[in-house]
Amino acid sequence: MEEFMNDVIKALEMKLGEGYRIFPKEQRKNNELVLYGICIHKENESISPVVYPEEFILPYIVGILNAEKIADILLEQCHQREISQEAAAHLDDFGLMKDKVRIRLVNYGANSRELDGIPHRRFLDLAITYYLDMQAALAGQIGAGAITNAMMEIWGASEDELYRLGMEKLLAEDACHTTDILDLIRLAAQEEQDTQMEEAIAELHKEHGRPKMYVVTNQEHFYGANCLLNASFLQEMAEDSGCSLMVYPSSVHELVILPQKNGYENRMDTKDIQEINYEYLPKDEWLSNSIYRYDREKREVYVYKEGAPLLW
């Protein structure tokens, strides 16, 4: 790994020339996932992109790609996700940045080290954290910059203020929406021309008394699990269903919601959630192994069944 990184760094130095400092950088992501990247710092610029060459280790070892070709690919990726220096120059101006403040939910226990360095508040077994929506600065691409304690000190802002701004955006602009999960499966079956699956889905739709199960996320499908904080949305969904709601944490980007009626709500347990997380999701997208419930009468969310810790 070290030899591979050194070779790629040397190739980047050769291609970029003077005026750049290129060095390895570890990046800690959600749920203690550590990515090994390379920082490309250009003199007199305040934002330095980090690229991640790990996916090219095997092609490098077997000789399919050399360090020079990998450097070309990384520089192209870097160019595609380049944040304008004009936007970067205003990162310390809270008056200009506060309109970009957004809320995300992460697992509290699995992110103890990260939470030490960022503003947050506890919510059930989760933590409310904050990021800057950098879509405009990335020419329409989805992107996020975590808000840290250091940034808050520069801004002179409080966590209460970030929470207020983030919730305003969540309720006003990041509208939650639902999709019947069977409709999603049917669409996938149609795209794959899987007639047998289409027929199975049609039979499920006919099953008497089966409540619909919904995938819930925000408009960008990005940190859409924050819909769990939108009480008015959940209450409206509960009123439409005529009952309380079971909420399953599909990932940091989406939830699965099932109206609590006819006994179907007990068909999935916390061990099922854990298995889905570990078998089908990247580690940095895990949200929780717990199951939640939105109480229609009390108008609140609580932990219905506590699952195992994400990390041990």
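Residues numbered from 1 in each chain as written. Predicted model: local features only at pLDDT ≥ 70, side-chain atom pairs only at ≥ 80, totals over all residues. Heavy atoms only, no water.

Engineer: Just checking my understanding: could you explain the nonpolar core for this structure?
Structural biologist: Within soluble globular proteins, side chains that are nonpolar generally end up buried alongside one another. Of all hydrophobic cores here, the largest spans 43 residues; its most connected members are Trp155 and Val216. Top element by residues in this core is strand β6 (residues 126-133). It accounts for five residues. When sequence neighbours within four positions are dropped, the list of residues in contact with Trp155 reads Leu91, Asp92, Asp93, Phe94, Met97, Leu132, Ile147 and Leu162. (Core = buried A, V, L, I, M, F, W, Y, C linked by side-chain atoms within 4.5 Å. Buried < 20%, exposed > 50% of the residue type's maximum accessible area, 1.4 Å probe, protein only. Helix = DSSP H or I, 4+ residues; strand = E, 2+ residues; numbered from the N terminus. Contact = heavy atoms within 4.5 Å.)

Engineer: How should the state of the cysteines be read in this particular structure?
Structural biologist: In a disulfide, the sulfur atoms of two cysteines are covalently bonded to one another. Per the counting criterion, the structure on display carries one disulfide. Between the sulfur atoms of Cys176 and its disulfide mate Cys227 the distance is 2.5 Å. Its S-S torsion of about -115° marks the bond between Cys176 and Cys227 as left-handed, since a negative value means left-handed. Taken together, the positions of Cys176 in the loop between α8 (159-172) and β8 (177-180) and Cys227 in the loop between β9 (214-217) and α11 (231-241) put the pair 51 residues apart, joining distant regions of the chain. For the residue pair Cys176 and Cys227, the accessibility class agrees, reading buried in each case. (Disulfide = S-S within 2.5 Å.)

Engineer: Mind showing me how you'd approach helix α1 (residues 2-16) here?
Structural biologist: What sets the pattern is the α-helix's 3.6 residues per turn: residues three or four places apart point alike. Counted at 1.5 Å a residue, the expected span for α1 with its 15 residues is 21 Å, and the 21 Å between its end C-alpha atoms agrees. Listing the buried residues of α1 in full gives Phe4, Met5, Val8, Ile9, Ala11 and Leu12. Here the buried residues of α1 occupy an arc of 160° about the axis, which is enough to place them on one side. Away from its buried face, by an angle of more than 90 degrees, α1 presents the exposed residues Glu2, Glu3, Lys10 and Met14. Downstream of α1 by a residue or two, Gly17 has a phi angle that is positive, lying close to 75°. (Expected span 1.5 Å × (residues − 1). Arc of directions from axis to C-beta.)

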